[in-house]
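Here is what each chain is made of, one letter per residue.
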Amino acid sequence: MQQDLTTIDREAWDTLDAAAADARQPFRYLTLASIGRCQFPEARTVVLRSVNVSSRVLEFHTDTRSPKWQELQDNGNTTILGYSDALRLQLRLRGTIELEPPGSHAAEQVWSRLPLHTRATYQGGPPGDELPPVNGPVFDAPVSGIEETGKERFGVLFFRALSLDWCRLARDNNLRARFSYGTSGSLKSASWIAP
């Protein structure tokens with residue numbers, strides 16, 4: 001028996017909301033795809049930090065020196081992709097990114113709530129830079145002597161979903177549906193589509 005489309009939409013967003021609150025939940029780690037400056041698609045794993053279900057907004061954090069930040073400044077059209085093997089469910093969202101740079105009200109608010117171990121991830125060299133040789137694995141390298149707080153590199157990404165492609169894989173009957181949203185997050189349309 002097929003579920004009602006509005007129920008599927010609500011459950012998909014509830015699942016994302018649960019993932020933002022609990023790192024053990026499916027969809028905590030998602031793939032963000034953007035168009036790189038080289039004009040090739042770029043995809044990377046991001047951590048889902050917060051969800052506003054009513055406005056269809058996902059929150060992610062990043063180092064503003066990263067290529068991702070630069071790419072999203074150039075073109076904020078993005079796709080978010082997640083798959084849960086346990087649920088046999090794929091969620092693919094298309095939308096736009098709003099960048100909140102260091103010093104912005106949103107970035108300041110989020111930074112103030114971050115634990116110290118998370119703040120430490122924004123210290124050190126720019127993402128993707130080559131590290132100097134160290135004895136032993138890089139993750140054992142000491143971080144003493146780094147005086148920057150990382151705050152001046154901390155940016156917040158707000159992804160506003162314009163559509164959701166929902167696909168549940170099942171041995172007997174794969175199901176797929178498409179949802180589109182207004183700019184306020186309201187559900188504009190929902191339909192079953194061929195898997």
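Residues numbered from 1 in each chain as written. Predicted model: local features only at pLDDT ≥ 70, side-chain atom pairs only at ≥ 80, totals over all residues. Heavy atoms only, no water.

1. Some remarks on the overall build of the protein chain
At step 1: When its secondary structure is counted, the protein chain shows four helices and nine strands.
At step 2: Listed N to C, the secondary structure of the protein chain is α-β-β-β-β-α-β-β-α-α-β-β-β in terms of helices and strands.
At step 3: Within the protein chain, buried positions represent 39% of all 195 residues.
At step 4: At a minimum sequence separation of 6, the contacts of the protein chain that also span at least 24 residues come to 60%.
At step 5: For the protein chain, the exposed area adds up to about 11200 Å²; of that, 51% sits on carbon and sulfur atoms.
At step 6: With 22 positive and 23 negative side-chain charges, the protein chain shows a separation of 6 Å between the mean positions of the two kinds. (Helix = DSSP H or I, 4+ residues; strand = E, 2+ residues; numbered from the N terminus. Buried < 20%, exposed > 50% of the residue type's maximum accessible area, 1.4 Å probe, protein only. Contact = heavy atoms within 4.5 Å. Areas by Shrake-Rupley, 256 points an atom, 1.4 Å probe, with all protein chains shown as cover. Lys, Arg positive; Asp, Glu negative; His and termini not counted. Charge placed at Lys NZ, Arg CZ, Asp CG, Glu CD.)

2. A word on the side chain of Ser 104
At step 1: Relative to the assigned elements, Ser 104 resides in the loop between strand 6 (89-100) and helix 3 (105-113).
At step 2: Of note is the side chain of Ser 104, whose polar atom sits 3.2 Å from the backbone nitrogen of Ala 107. (Polar contact = N/O pair within 3.5 Å; in protein donor to acceptor, adjacent residues only side chain to side chain.)

3. Some points on helix 3
Residues three or four positions apart in an α-helix share a direction because the helix packs 3.6 residues into each turn.
At step 1: Listing the buried residues of helix 3 in full gives Ala 106, Ala 107, Val 110 and Trp 111. For helix 3, the angular spread of buried residues about the axis comes to 125°, placing them on one side. Of the exposed residues in helix 3, the ones pointing more than 90 degrees away from its buried face are His 105, Ser 112 and Arg 113.
At step 2: If you follow the buried residues of helix 3, they end up packed against strand 4 (57-63), strand 6, helix 4 (116-119) and strand 7 (154-168). (Arc of directions from axis to C-beta.)

4. Examining the pairing of strand 5 (residues 77-84)
At step 1: Here strand 5 shows a clear split, with Thr 78, Ile 80, Gly 82 and Ser 84 buried on one side and none of Asn 77, Thr 79, Leu 81 and Tyr 83 buried on the other.
At step 2: Here strand 1 (residues 29-35) runs beside strand 5; their pairing, made up of three bridges, is antiparallel. Paired with Thr 31 across the strands is Leu 81, a residue of strand 5.
At step 3: Of the pairings in the sheet, the one linking strand 5 to strand 6 comprises eight bridges and is antiparallel in character. In the strand pairing of strand 6, Thr 78 is matched with Gly 95.
At step 4: Hairpin geometry of strand 5 and strand 6 is characterised by an intervening segment of four residues between the two adjacent antiparallel strands and by a positive phi of about 55° at Arg 88. (Pairing = 2+ DSSP bridges.)

5. Notes on the pattern of salt bridges
At step 1: Overall, the coordinates contain nine salt bridges when judged by the stated rule.
At step 2: A salt bridge links Arg 92 to Asp 165; its shortest N-O distance comes to 3.0 Å. Of this pair, Arg 92 sits in strand 6 while Asp 165 is found in strand 7, placing the two residues 73 residues apart along the sequence.
At step 3: On the basis of relative accessibility, which here comes to 6%, the residue Asp 165 falls in the buried class.
At step 4: Each of Arg 92, Asp 165 and Arg 176 takes part in salt bridges that share partners, so that together they form one network. (Salt bridge = Lys/Arg side-chain N within 4 Å of Asp/Glu carboxyl O.)

6. As for the pairing of strand 7
At step 1: In terms of burial, strand 7 is largely enclosed, as eleven of its 15 residues are buried.
At step 2: Sheet topology places strand 4 next to strand 7; seven bridges connect them, and they run antiparallel. Each bridged residue has a counterpart across the sheet, and for His 61 the counterpart in strand 7 is Val 156.
At step 3: As paired elements, strand 7 and strand 8 (residues 175-181) share six bridges and run antiparallel to each other.

7. Considering the packing of aromatic side chains
At step 1: In the structure shown here, the tally under the stated rule is five aromatic pairs.
At step 2: Look at Trp 13 and Tyr 181: their rings are 6.0 Å apart centre to centre, the planes differ by 85°, and that puts the pair in the edge-to-face class. Pair noted here: Trp 13 is in helix 1 (residues 5-21) and Tyr 181 is in strand 8, with a separation of 168 residues, a long-range link.
At step 3: Relative accessible area serves as the criterion here: at 3%, Tyr 181 is assigned to the buried category.
At step 4: Ring centres of Trp 111 and Tyr 122 lie 6.2 Å apart, and the angle between their planes is 65°; this geometry places the pair in the edge-to-face category. Of the two residues, Trp 111 is situated in helix 3 and Tyr 122 in the loop between helix 4 and strand 7; the sequence distance between them amounts to eleven residues. (Phe/Tyr/Trp six-rings, centres within 6.5 Å; stacked < 30°, edge-to-face > 60°.)

Purely geometric numbers; function is a separate question.
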